[in-house]
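Residues per chain are reported as follows:
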Amino acid sequence: MEVAGEVLASESQLHVLAVDDSHVDRKVIEKLLKISSCKVTTVESGARALQFLGLDEEKGSLGFNGLKVNLIMTDYSMPGMTGYELLKKIKRSSTFREIPVVIMSSENILTRIDSCLEEGAEEFLVKPVKLSDVKRVMNDCIMRGETEGNKRRRVDKRKFEDDNHASSSSSSSSSSIPSSPSSPLPSSPSTAATSSPLHSLKRAKLRDHN
Amino acid sequence: MDFVNQLQRKFIDYSSSLHREGIVDDQFTQLRKLEDENSPHFVMEVASLFFEDCEKLINNMAIALEQKQGVDFKQIDECIHQLKGSSSSIGAMRVKNACIAFRSFSDAQNREGCLRCLQQLSHEYSLLKNKLQTLFVVSVASRYLYVCLLMVGRENEHAEPFSDVLVFQLEQQIVAAGGSIPRVH
């Protein structure tokens with residue numbers, strides 16, 4: 001039996017990884033995120049961010065502390081690896097490409113914004129970042145179901161016959177794609193338009209797991 | 001308690017003057033709004049980080065401009081960029097504007113122009129630091145004083161003499177830090 005479910009796990013917190021070479025900016029973004037009820041980890045460079053995620057092949061996953069990251073917010077201009085380069089690395093990783101990435105920059109340059117969005121950035125925030133910016137990003141994330149406690153899996157649009165599962169009265173069935181243990185994407189199953197971030201997950205139909 | 005009210009009024013007036021003089025802008029107000037019981041000194045902490053950054057970057061630029069064999073304008077530009085970024089994040093408007101002006105001289109690789117800009121930048125930084133430190137002292141003092149008076153008042157019905165001593169000591173500290181005290185009747 002399908003039940004429409006409350007997918008917003010309000011008791012769970014988003015874990016955000018914030019990347020910025022400026023100490024002042026790290027302190028400010030950390031505060032903005034904490035006020036918005038997020039768990040926050042701040043790092044000073046793209047290299048450290050990759051280490052934390054466990055993507056740094058050289059160093060292995062030394063920095064990984066076991067906490068899944070639900071969102072990455074990174075400064076654009078950083079020495080060494082820029083935010084844009086970090087974005088590309090994340091989007092080209094099979095394990096982490098589903099993590100939404102937000103770029104922050106003091107320069108409001110259209111070509112820069114375009115290339116970031118093309119490379120898969122969720123949003124491009126112009127600094128100085130305000131609380132309203134962070135809240136908007138959080139709302140967008142929650143809408144996409146990126147919450148720490150939400151362990152349900154994304155649904156494949158294909159119909160899927162599950163021999164082991166007792167047949168339900170509803171004709172459409174939802175199934176889950178098996179995901180790897182390190183998948184950063186715990187999101188709810190929904191029958192329609194899973195790719196649209198604007199769809200309210202409250203309308204999502206859930207398979208009855210009881 | 002009249003003294004405390006006067007002190008708090010002074011704090012509000014002083015804070016408004018910083019905005020009027022363009023020393024801080026709306027971003028500073030935004031940061032103040034983020035302070036709560038869990039982090040009552042948040043702005044002070046961010047400001048301390050900013051002061052550290054400023055001093056380091058100003059120093060690096062001074063050294064770079066002194067190089068006889070040739071000024072590394074790329075390094076200067078990088079310093080200006082960092083300083084512009086953090087001053088913008090904390091709402092230090094005049095420092096930020098000084099950075100913008102500085103950048104055009106650095107782009108033009110004009111050493112003399114850069115030296116003048118650096119001087120201007122140092123001046124704006126000192127001004128900001130003095131004003132913010134006064135603001136913080138008055139803010140902390142009025143909170144501390146208020147709490148002390150409350151506590152003393154609860155402990156002892158005849159609290160007048162004790163609170164006078166506390167008030168006097170706090171006045172001394174405020175004046176030493178560069179602040180001023182409203183006249184007490």
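Placed above this text is the structure.
A quick note: this is a predicted structure, and the numbers were derived from the prediction, not measured.

Caption draft 1: Main features of the overall build of chain B. Along the backbone of chain B there are seven helices and zero strands. Scanning chain B from its N terminus toward the C terminus, one meets helices and strands in the order α-α-α-α-α-α-α. Relative to its full complement of 185 residues, chain B shows a buried share of 45%. Put simply, 68% of the contacts in chain B that link residues at least 6 apart link residues at least 24 apart.

Caption draft 2: The packing of helix H4 (residues 73-90) of chain B against helix H5 (residues 93-107) of chain B, seen in detail. Residues and elements named next belong to chain B. The N-to-C vectors of H4 and H5 enclose an angle of 160 degrees; their axes lie 9 Å apart at closest approach. In terms of their interaxial angle, H4 and H5 are classed as roughly antiparallel. Relative to H5, the crossing made by H4 is left-handed. Contacts between H4 and H5 involve Phe73, Ile76, Asp77, Ile80, His81, Leu83, Lys84, Ser87 and Ser88 from the former and Val95, Lys96, Cys99, Ile100, Phe102, Arg103, Ser106 and Asp107 from the latter. When the residues that make up the contact of H4 with H5 are grouped by side-chain class, the tally is eight nonpolar, four polar and five charged.

Caption draft 3: View of the pattern of salt bridges. Overall, the coordinates contain 15 salt bridges over all chains when judged by the stated rule. Put simply, lysine 34 of chain A and glutamate 30 of chain A hold a salt bridge, and the shortest N to O gap is 3.5 Å. Pair noted here: lysine 34 of chain A and glutamate 30 of chain A are both in helix H1 (residues 23-35), with a separation of four residues, about one helical turn. Given the relative accessible area of 48%, lysine 34 of chain A is considered partly exposed. Exposure remark for glutamate 30 of chain A: the relative accessible area of 26% places this residue in the partly exposed category. A salt bridge links lysine 131 of chain B to glutamate 21 of chain B; the nearest nitrogen and oxygen atoms lie 3.4 Å apart. Of this pair, lysine 131 of chain B sits in helix H6 (residues 111-155) while glutamate 21 of chain B is found in the loop between helix H1 (2-20) and helix H2 (26-33), placing the two residues 110 residues apart along the sequence.

Caption draft 4: Summary view of the pairing of strand E5 (residues 101-105) of chain A. All names here are of chain A. Across the five residues of E5, five count as buried, placing the element largely inside the fold. Burial along E5 is two-sided: Val101, Ile103 and Ser105 facing one way and Val102 and Met104 facing the other are all buried. Bridge analysis of strand E4 (residues 71-75) against E5 gives four bridges, and the strand direction is parallel. In the sheet register, methionine 73 faces E5, and the bridge partner there is valine 102. When E5 meets strand E6 (residues 123-126), the two strands line up parallel, connected through four bridges. What sits directly across from isoleucine 103, in E6, is phenylalanine 124. Since E5 and E6 lie parallel, the crossover through helix H4 (residues 110-118) that links them has a hand, and here it is right-handed.

Caption draft 5: Focus on the nonpolar core. Counting 67 residues, the largest nonpolar core has Leu33 of chain A together with Phe50, Leu121 and Leu132 of chain B as its most contacted members. Residues Leu17, Phe52, Leu55 and Val101 of chain A belong to the second largest nonpolar core, which totals 25 residues.

Caption draft 6: Spatial organisation of the side chain of aspartate 20 of chain A. Within the secondary structure, aspartate 20 of chain A sits in the loop between strand E2 (15-19) and H1. A polar atom in the side chain of aspartate 20 of chain A sits 2.9 Å from the backbone nitrogen of serine 22 of chain A.

Caption draft 7: Spotlight on the packing of H1 of chain A against H4 of chain B. Look at H1 of chain A against H4 of chain B: their axes get within 9 Å of each other, and the N-to-C directions meet at 30 degrees. In terms of their interaxial angle, H1 of chain A and H4 of chain B are classed as roughly parallel. Handedness of the crossing formed by H1 of chain A with H4 of chain B: left-handed. When H1 of chain A is examined against H4 of chain B, the residues Val24, Asp25 and Val28 of chain A are found in contact with a partner set consisting of Gly85, Ser86 and Ser89 of chain B. By residue class, the composition of the contact of H1 of chain A with H4 of chain B is two nonpolar, three polar and one charged.

What counts and how
Within each chain, residue numbers correspond to sequence positions counted from 1 in written order. All chains are assigned letters beginning at A, and all ligands numbers beginning at 1, according to the order in which they are written. Two thresholds apply to this predicted model, a pLDDT of at least 70 for residue-level local features and 80 or more for giving and counting side-chain atom pairs, whereas whole-chain, interface and lining totals are computed over all residues. As a rule here, side-chain values come from all non-hydrogen atoms in the structure, and water together with hydrogens is ignored. Only DSSP runs of H or I covering at least 4 residues are called helices, and only runs of E covering at least 2 are called strands; the numbering of each starts at the N terminus. In this scheme, a residue with accessible area under 20% of its type's maximum is buried, one over 50% is exposed, and one in between is partly exposed, where area comes from a 1.4 Å probe on protein chains only. Two residues qualify as a contact provided that any one of their heavy atoms is within 4.5 Å of a heavy atom in the partner residue. For helices, the fitted line uses only the C-alpha atoms of the stretch in contact; every axis is such a line through C-alpha atoms, and the angle between N-to-C directions lies from 0 to 180 degrees. Roughly parallel means an angle under 35 degrees; roughly antiparallel means over 145; roughly perpendicular covers 65 to 115; every other angle is labelled oblique. What makes a crossing left-handed is the near helix being turned counterclockwise from the far one by less than a right angle; a clockwise turn instead makes it right-handed. Under this grouping Gly is polar, as are all residues other than the nonpolar Ala, Val, Leu, Ile, Met, Phe, Trp, Tyr, Cys and Pro and the charged Asp, Glu, Lys and Arg. A side-chain nitrogen of Lys or Arg and a carboxyl oxygen of Asp or Glu constitute a salt bridge if their distance falls within 4 Å. The rule for pairing is simple: two strands pair if DSSP sees at least two bridges between them. Orient the strands so they point away from the viewer; a crossover is then right-handed if the path from the first strand over the helix to the second runs clockwise. Nonpolar core, defined: a set of buried Ala, Val, Leu, Ile, Met, Phe, Trp, Tyr and Cys residues in which side-chain atoms within 4.5 Å join the residues together. We call two N or O atoms a polar contact when they sit within 3.5 Å, provided that within protein one can donate a hydrogen and the other can accept it, with sequence-adjacent residues counted only if both atoms are side-chain atoms.

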